[in-house]
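Structural overview for review
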Amino acid sequence: MPQIIVLPHPELCPDGAVLEAKKGQSVLDVALANDIDVEHACEKVCACTTCHIIVREGFDSLSESDELEDDMLDKAWGLEMESRLGCQAIIQDEDLVVEIPKYSLNHAKENN
Ligand code: FES
């Protein structure tokens, strides 16, 4: 079973985590199932950017993003080459290393 290593996030996952995943699950669903409360304002229908994640390792193993996801990602805070929407990133066979951005567009905190 693929593993997802979640890098430490100050609020959602201060110590980081290693999660067991199954092929076909989204990265967001695995995080939520493990009490890592990544935002998902549109309830996973690719209509927001709050589930934005950055895939530090294993990016190419994920299901490919479609045009709608790429359009949404363009609006995400802190967009990077390895950015995905967590609800649209479907896990295949490889392990992943995932970073949850410090901010999302719902909660941009300017003083941190
Ligand atoms: S939860 Fe809105 S795009 Fe993923």
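Residues numbered from 1 in each chain as written. Predicted model: local features only at pLDDT ≥ 70, side-chain atom pairs only at ≥ 80, totals over all residues. Heavy atoms only, no water.

Structural notes on the side chain of Ser104
Note on placement: Ser104 falls in the segment after strand 5 (96-99). A relative accessible area of 11% means that Ser104 is categorised as buried. A polar atom in the side chain of Ser104 sits 3.1 Å from the side chain of Glu39. Non-local contacts of Ser104, meaning those with residues more than four positions away in its chain, are made with Glu39 and Thr50. (Helix = DSSP H or I, 4+ residues; strand = E, 2+ residues; numbered from the N terminus. Buried < 20%, exposed > 50% of the residue type's maximum accessible area, 1.4 Å probe, protein only. Polar contact = N/O pair within 3.5 Å; in protein donor to acceptor, adjacent residues only side chain to side chain. Contact = heavy atoms within 4.5 Å.)

Here's the deal with the pairing of strand 1 (residues 3-6)
In the case of a regular strand, side chains alternate between the two sheet surfaces. Of the two faces of strand 1, only one is covered, namely that formed by Ile4 and Val6; the face formed by Gln3 and Ile5 stays uncovered. Of the pairings in the sheet, the one linking strand 1 to strand 5 comprises three bridges and is parallel in character. If you follow Ile5 over to strand 5, its bridge partner there is Val97. (Pairing = 2+ DSSP bridges.)

Some points on a negative patch on the surface
Side chains of Glu20, Asp60, Glu64, Glu94 and Asp95 sit close together on the surface and give a patch of like negative charge. Within the element layout of this structure, Asp60 appears in the loop between strand 3 (52-57) and helix 2 (67-73). Judged by relative accessible area, Asp60 falls into the exposed class, the value being 74%. (Patch = residues over 30% accessible without salt bridge, like charges linked within 9 Å, V, L, I, M, F, W, Y side chains within 5 Å. Areas by Shrake-Rupley, 256 points an atom, 1.4 Å probe, with all protein chains shown as cover. Salt bridge = Lys/Arg side-chain N within 4 Å of Asp/Glu carboxyl O. Lys, Arg positive; Asp, Glu negative; His and termini not counted. Charge placed at Lys NZ, Arg CZ, Asp CG, Glu CD.)

What about the environment of Asp70?
Among the secondary structure elements, Asp70 is positioned in helix 2. Classification of Asp70 as partly exposed rests on a relative accessible area of 35%.

Section: the packing of aromatic side chains
This model, assessed by the stated rule, comprises one aromatic pair. Centroid distance Trp77 to Tyr103: 4.5 Å. Interplanar angle 90°. Geometry classified as edge-to-face. With a gap of 26 residues between them, Trp77 in the loop between helix 2 and strand 4 (83-85) and Tyr103 in the segment after strand 5 connect regions that are remote in the sequence. For Trp77, a relative accessible area of 38% gives the class partly exposed. Exposure remark for Tyr103: the relative accessible area of 12% places this residue in the buried category. (Phe/Tyr/Trp six-rings, centres within 6.5 Å; stacked < 30°, edge-to-face > 60°.)

Focus on the sheet that holds strand 3
Read from one edge of the open sheet, five strands run 2-1-5-3-4, paired in mixed fashion. With one partner strand each, in any of the chains shown, strand 2 (17-20) and strand 4 form the two edges of the open sheet. Pairs of neighbouring strands in the sheet enclose a mean axial angle of 35°, with direction left out of account. Relative to strand 4, strand 3 is paired through three bridges, and the arrangement is antiparallel. Paired with Ile54 across the strands is Ser83, a residue of strand 4. (Axes fitted to C-alpha atoms, helices over the stretch in contact; angles between N-to-C directions.)

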